[in-house]
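The residues making up each chain are set out below.
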2 protein chains.
Amino acid sequence: MIRTAAVVGTGLIGTSTGLALSRRGVHVHLLDVDESAARVAAARGAGTFGPPADPVDLAVIAVPPARVAQVLAEQQRRGLALAYTDVASVKSATALAVSQGAVHRSSYVGGHPMAGSERSGPLAARADLFEGRSWVLTPGTETSTAALNGVLAAVALCGAVPVVMEPSAHDRAVALVSHAPHLVAALMAARLGGASRQALDLAGQGVRDVIRIAGGDPALWTDIIRRNASAIGETLGELLKDLEALTGALHALEVSGSDAEDALASVRELLLHGQDGWEAVYEPGGAPAGQVTLTVPVADRPGEVDRLIHTAEGSGIGADGIRLCWSRGSARLSAPRLAAESVRRRLADDGWRVSVTAAPS
Amino acid sequence: MIRTAAVVGTGLIGTSTGLALSRRGVHVHLLDVDESAARVAAARGAGTFGPPADPVDLAVIAVPPARVAQVLAEQQRRGLALAYTDVASVKSATALAVSQGAVHRSSYVGGHPMAGSERSGPLAARADLFEGRSWVLTPGTETSTAALNGVLAAVALCGAVPVVMEPSAHDRAVALVSHAPHLVAALMAARLGGASRQALDLAGQGVRDVIRIAGGDPALWTDIIRRNASAIGETLGELLKDLEALTGALHALEVSGSDAEDALASVRELLLHGQDGWEAVYEPGGAPAGQVTLTVPVADRPGEVDRLIHTAEGSGIGADGIRLCWSRGSARLSAPRLAAESVRRRLADDGWRVSVTAAPS
């Protein structure tokens, strides 16, 4: 366990870490080159202002990615802590810089909590920011067990789920689930900058959600993107191909020529792929390849889901052959392709309203 | 006022309309080609199942866009109601089809409530779906005042804000704030369909929000996109140009050649444009052209915002020259470009932590 900690850099992530650790009884020291930011963090209850007299159990280096290696080396020279971690969103470039600059490699564990906000600074911080979120750790071959355990303890106190990964695997994953989505949000938001007041008045929750993260700090994100350009470029290169096909299809639909049917099919295919991706994120128990997904409305009455499962089982393929995901108002059943039709018929016979929504090949 | 209504098509929007009107004492009749859907809507309290004996005050044709004109003509022939509206997301194509097929043009007002959900069907419906949302109406030159007033009454009972627009202006606006965002969400979501379990485990609220609407019904959205292809293509064509520039910049950053500085600048510019668009949607009091925006953290204490305004005024330009938008934790002040520096200095002298975040030219 850790009893004392230091947070170097009291922005959103640093201050949130301080709030979370302080709440669990850890004595946290707050440092920032901008003294007023550290004072604001202290005023919010994230810890006490200023460096500790003795080395703390763990220092969290929560400065922008470009400054991690330098600040880490400085603090190691000063003997700030027994173990160190950082929170930079890109791990390969950070690991390289740290390996070149660190004073003690054994006391450092790279880290990246998968949480954030479109707001920045200590005033946007929240003690529960990390609760239930993944917190990636990238220990190197030289990392000591003591250092790893210090960071694991802090992650646990923050209520997060530790995930150990290679830096390069982390960078590819976050390119896909964080960095590319950020740029996609920015691309859409950029189209709205010149929109008329009347058009903006029609903006509902849909577009607000699509662009929400585009409010993030451009300087921080430019730095993140610079350090993970290759992996982000791979994802966005694929997206570019899809978008080219889509704009081509829209043009074909506009002129309503002979390509219109093909164009409609390609739009529909993109939307179906989008729905597959949506299911992968929102309903991760969805249908694997070779399975068919049946969607069934389920009334908000106790026992309805059980009744649905019971009916599906009655189709003769047994419970093992069926997977079910339920969310308010509807259930998705996935069944082996060959058995799906008999399940569908059985459900329909029993009065369920079944639609076949996805049939991945 | 209206006392009786009919909803034809008891999906998400139709059933939500029925729930909202029933709650306000309107007697609603529910019709659907899929009888079980209408029965589910009735069971949820959206009205009574089946057609009325006498014409109702208003019929809401809540069927997919492709079927509006035909269903409207059928119901007008049958004499279902005194006034009719629809809820299709595209209005020019619908207006054209209606003008060719309607039995009485005077009793019809085109409509489009700006509300929805990534879930569909009567079980996803909510009585408060439209509360505070815009509800576009596109009356034609032949629309009677009585029909317009019937629809306006229903919109008011649903708690929505009526907005009268030309069909073509509506279609351009929703292409930008609804249809293009839907496709952008689908494009990003499509990249996630093949993601590894480990990458998906790192997905946080950011990407979830970006792709949330991609869960929508592909058949419905294919139809919407087909009917508004030209306006959507215009927005996505501009987005495609930005994406081409972005992937070029990512490639330049990857090879780290002489273009890297230019590449970084173009990434930063995109992110800044994204932030401008974000502000236009989230903080619509933002800085107009020729103004400079200053961002200032504001502590969560009563009186802090007033203190900030008072200090800014003290810079000598007077309250008329300053606009302020506040959201939890921070304020954005916009001031004329020439006065901004004196405002900034004054605030800094008074202990405020000011950053110049956007300076549109």
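Residues numbered from 1 in each chain as written. Chains lettered and ligands numbered in written order. Predicted model: local features only at pLDDT ≥ 70, side-chain atom pairs only at ≥ 80, totals over all residues. Heavy atoms only, no water.

1. Here's the deal with the sheet that holds strand 6 (residues 108–113) of chain B
Across a sheet, paired strands are connected by hydrogen bonds in the backbone, their directions being either parallel or antiparallel. Residues and elements named next belong to chain B. What counts is decided by this rule: DSSP-based pairing: two strands are paired if at least 2 bridges between them are found. Secondary structure is summarised from DSSP: a helix means a run of H or I of at least four residues, a strand means a run of E of at least two, and numbering begins at the N terminus for each. We call two residues in contact when some of their heavy atoms are within 4.5 Å. As a rule, the C-alpha atoms of each element are fitted with a line to give its axis, helices using only the stretch in contact, and angles between N-to-C directions run from 0 to 180 degrees.
Strand order in the open sheet formed by eight strands is 3-2-1-4-5-6-7-8, and the pairing between neighbours is mixed. Taken across any chain shown, the strands that pair with only one partner, and hence form the sheet edges, are strand 3 (48–49) and strand 8 (161–164). Pairing of strand 1 (residues 4–8) with strand 2 (residues 27–31), which is carried by five bridges, proceeds in the parallel orientation. When the sheet's bridge partners are listed, Val-8 is paired in strand 2 with Leu-31. Where helix 5 (residues 145–157) meets the sheet, its contacts fall on strand 4 (56–61), strand 5 (81–86), strand 6, strand 7 (134–138) and strand 8, and the angle it forms with strand 7 comes to roughly 170°.

2. Some thoughts on helix 1 (residues 12–23) of chain B
Residue and element names in this part refer to chain B. Here is the rule we go by: The span expected for a helix works out to 1.5 Å for each residue beyond the first. Using a 1.4 Å probe on the protein chains alone, a residue whose accessible area is under 20% of its type maximum counts as buried, one over 50% counts as exposed, and one in between counts as partly exposed.
Look at helix 1: 16 Å from first C-alpha to last across twelve residues, which is about the 16 Å you get at 1.5 Å a residue. The element helix 1 is extensively covered by neighbouring structure, given that ten of its twelve residues are classed as buried. Taken together, the buried positions of helix 1 are occupied by Leu-12, Ile-13, Gly-14, Thr-15, Ser-16, Thr-17, Gly-18, Leu-19, Ala-20 and Leu-21. Trailing helix 1 by a residue or two, Gly-25 shows a phi angle of about 90°, which is positive.

3. Some details on the packing of aromatic side chains
Operational definition: For this analysis, a ring pair means two rings from Phe, Tyr or Trp (six-membered ring only for Trp) whose centres lie within 6.5 Å, classed as stacked if their planes differ by under 30 degrees, edge-to-face if by over 60, and tilted for the remaining angles. A ring is scored as having a charge over it whenever the NZ atom of a lysine or the CZ atom of an arginine sits within 6 Å of its centre and within 35 degrees of its normal.
By the definition in use, this model includes four aromatic pairs over all chains. Between the aromatic rings of A:Phe130 and A:Trp135, the centroid separation amounts to 5.0 Å while the plane-to-plane angle is 50°, which identifies the pairing as tilted. A:Arg208 extends its terminal NZ or CZ atom over the ring of B:Tyr282, reaching a point 4.4 Å from the ring centre. The residue whose ring lies beneath B:Arg39 is B:Phe49, and the NZ or CZ to ring-centre distance is 3.9 Å.

4. Some points on the pairing of strand 6 of chain B
Residue and element names in this part refer to chain B. As a reminder, the rule being used: Whether a crossover is right-handed depends on one test, that the path from the first strand over the helix to the second runs clockwise when the strands point away from the viewer.
Within strand 6, six of the six residues are buried, which leaves the element mostly enclosed by the surrounding structure. Here strand 6 shows two buried faces, one formed by Tyr-108, Gly-110 and His-112 and the other by Val-109, Gly-111 and Pro-113. With two bridges joining them, strand 5 and strand 6 adopt parallel strand pairing. Looking at the pairing, Tyr-84 lines up with Tyr-108 of strand 6. Remark: the strand 5/helix 4 (residues 92–101)/strand 6 crossover connection has right-handed handedness. Where strand 6 and strand 7 come together, four bridges link them in antiparallel fashion. Paired with His-112 across the two strands is Val-136, which belongs to strand 7.

5. Some words on the sheet that holds strand 7 (residues 134–138) of chain A
If you walk across this open sheet you meet the eight strands as 3-2-1-4-5-6-7-8 (chain A), and the pairing is mixed. Whereas interior strands pair on both sides, the edge strands pair on one side only; in this sheet they are strand 3 (48–49) and strand 8 (161–164) of chain A.

6. Concerning the interface of chain A and chain B
Spelled out, the test is: Summed over both partners, the accessible area (1.4 Å probe) lost when two parts come together is defined as the buried area. The salt bridge definition used is simple: a Lys or Arg side-chain nitrogen within 4 Å of an Asp or Glu carboxyl oxygen. Classification convention: Asp, Glu, Lys, Arg as charged; Ala, Val, Leu, Ile, Met, Phe, Trp, Tyr, Cys, Pro as nonpolar; all other residues, Gly among them, as polar.
Listed by partner, the interface residues are 99 residues for chain A and 98 residues for chain B. Buried surface at the junction of chain A and chain B, both sides included, amounts to about 9,000 Å², of which 71% is carbon and sulfur. In this assembly, chain A and chain B are joined by six salt bridges. Its salt-bridge partner being A:Arg353, residue B:Asp34 comes within 2.5 Å of it at the nearest N-O pair. With 18 residues, helix 10 (residues 229–255) of chain A is the single largest residue contributor to the side of chain A that touches chain B. When grouped by side-chain class, the residues that make up the side of chain A that touches chain B number 58 nonpolar, 22 polar and 19 charged.

7. Some details on the nonpolar core
Our working definition: In this description, a nonpolar core means a group of buried Ala, Val, Leu, Ile, Met, Phe, Trp, Tyr and Cys residues linked to one another through side-chain atoms lying within 4.5 Å.
With 109 residues, the main nonpolar core has A:Met188, A:Ile211, A:Leu236, A:Leu246, B:Ile211, B:Leu236 and B:Leu246 as its most contacted residues. Ignoring sequence-local partners within four residues, the contact set of B:Leu246 consists of A:Leu183, A:Leu187, A:Leu236, B:Val267 and B:Leu270. Counting residues in hydrophobic clusters, the runner-up holds 35 residues, among them B:Val109, B:Ala115, B:Val151 and B:Cys158.

8. As for the relation of the copies chain A and chain B
Put simply, the rule is: Our superposition of the copies is a least-squares fit, built on the C-alpha atoms of residues whose pLDDT is at least 70 in both.
Rotating chain A by 180° about the axis while translating it 0.0 Å along that axis superimposes it on chain B, leaving an RMSD of 0.1 Å. Within this description, the copies of the chain are treated as partners about a two-fold rotation axis. No C-alpha of chain A approaches the rotation axis more nearly than that of A:Val210, which lies at 2.0 Å.

9. Notes on the environment of B:Glu283
Residues and elements named next belong to chain B. Looking at the element boundaries, Glu-283 is found in the loop between helix 11 (260–282) and strand 9 (291–297). The buried category is assigned to Glu-283, whose relative accessible area is 9%. As for Glu-283 and Ala-81, which are separated by 202 residues in sequence, their C-alpha atoms are 42 Å apart.

10. Let's talk about the pattern of salt bridges
All names here are of chain B. One pass over the structure, following the stated rule, counts 24 salt bridges over all chains. Its salt-bridge partner being Arg-226, residue Asp-223 comes within 3.2 Å of it at the nearest N-O pair. One end of the pair is Asp-223 and the other is Arg-226, both in helix 9 (residues 218–227) and three residues apart, which spans about a single turn. A relative accessible area of 10% places Asp-223 in the buried class. Exposure remark for Arg-226: the relative accessible area of 36% places this residue in the partly exposed category.

11. Focus: helix 5 (residues 145–157) of chain A
Residue pairs three or four apart in sequence face the same way in an α-helix, which turns once every 3.6 residues. Residues and elements named next belong to chain A. With 13 residues, helix 5 extends 18 Å between its outermost C-alpha atoms, agreeing within 8% with the 18 Å of an ideal straight helix rising 1.5 Å per residue. Along helix 5, the residues that are buried comprise Ala-147, Gly-150, Val-151, Ala-153, Ala-154, Val-155 and Leu-157. Next to the buried residues of helix 5 lie helix 1 (12–23), strand 4 (56–61), strand 5 (81–86), strand 6 (108–113), strand 7 and strand 8. Looking one or two residues past helix 5, Gly-159 carries a phi angle of roughly 80°, positive in sign.

12. Regarding the pairing of strand 2 (residues 27–31) of chain A
Residue and element names in this part refer to chain A. Burial runs high along strand 2: four of the five residues are buried. Once you follow strand 1 (residues 4–8) into helix 1 and on to strand 2, the crossover reads as right-handed. Across two bridges, the pairing between strand 2 and strand 3 is parallel. Its bridge partner lying in strand 3, His-29 is registered against Thr-48.

13. Overview of the side chain of A:Asp86
Residue and element names in this part refer to chain A. Quick note on the threshold: Polar contact criterion, stated in full: a pair of N or O atoms within 3.5 Å, where within protein one must be able to donate a hydrogen and the other to accept it, and residues adjacent in sequence count only if both atoms are side-chain atoms.
Of note, Asp-86 is situated in strand 5. Within polar-contact distance, the side chain of Asp-86 engages the side chain of Tyr-108 at 2.9 Å. Here Gly-111 takes part through its backbone nitrogen, which lies 3.1 Å from a polar atom of the side chain of Asp-86.

14. A short note on the confidence of the model for chain A
Our working rule: Residue-level confidence of the predictor is what pLDDT reports, using numbers from 0 through 100.
Averaged over all residues, the pLDDT of chain A equals 88, while 89% of them reach at least 70. Reported confidence for the predicted complex is 0.72 by ipTM and 0.73 by pTM.

15. Some details on the packing of helix 6 (residues 167–192) of chain A against helix 9 (residues 218–227) of chain A
Residues and elements named next belong to chain A. Definition in use: In what follows, roughly perpendicular refers to angles from 65 to 115 degrees, roughly parallel to angles under 35, roughly antiparallel to angles over 145, and oblique to any angle outside these ranges. The sense of a crossing depends on the near helix, which, turned anticlockwise from the far helix by less than a right angle, makes the crossing left-handed and, turned clockwise, makes it right-handed.
Look at helix 6 against helix 9: their axes get within 11 Å of each other, and the N-to-C directions meet at 125°. Comparing the axis directions of helix 6 and helix 9 gives the class oblique. Crossing angle aside, the handedness with which helix 6 passes helix 9 is left-handed. Only Trp-221, Ile-224 and Ile-225 of helix 9 make contact with helix 6, whose side of the interface consists of Ser-178, His-179, His-182 and Leu-183. A class-by-class count of the residues in the contact of helix 6 with helix 9 yields four nonpolar, three polar and no charged.

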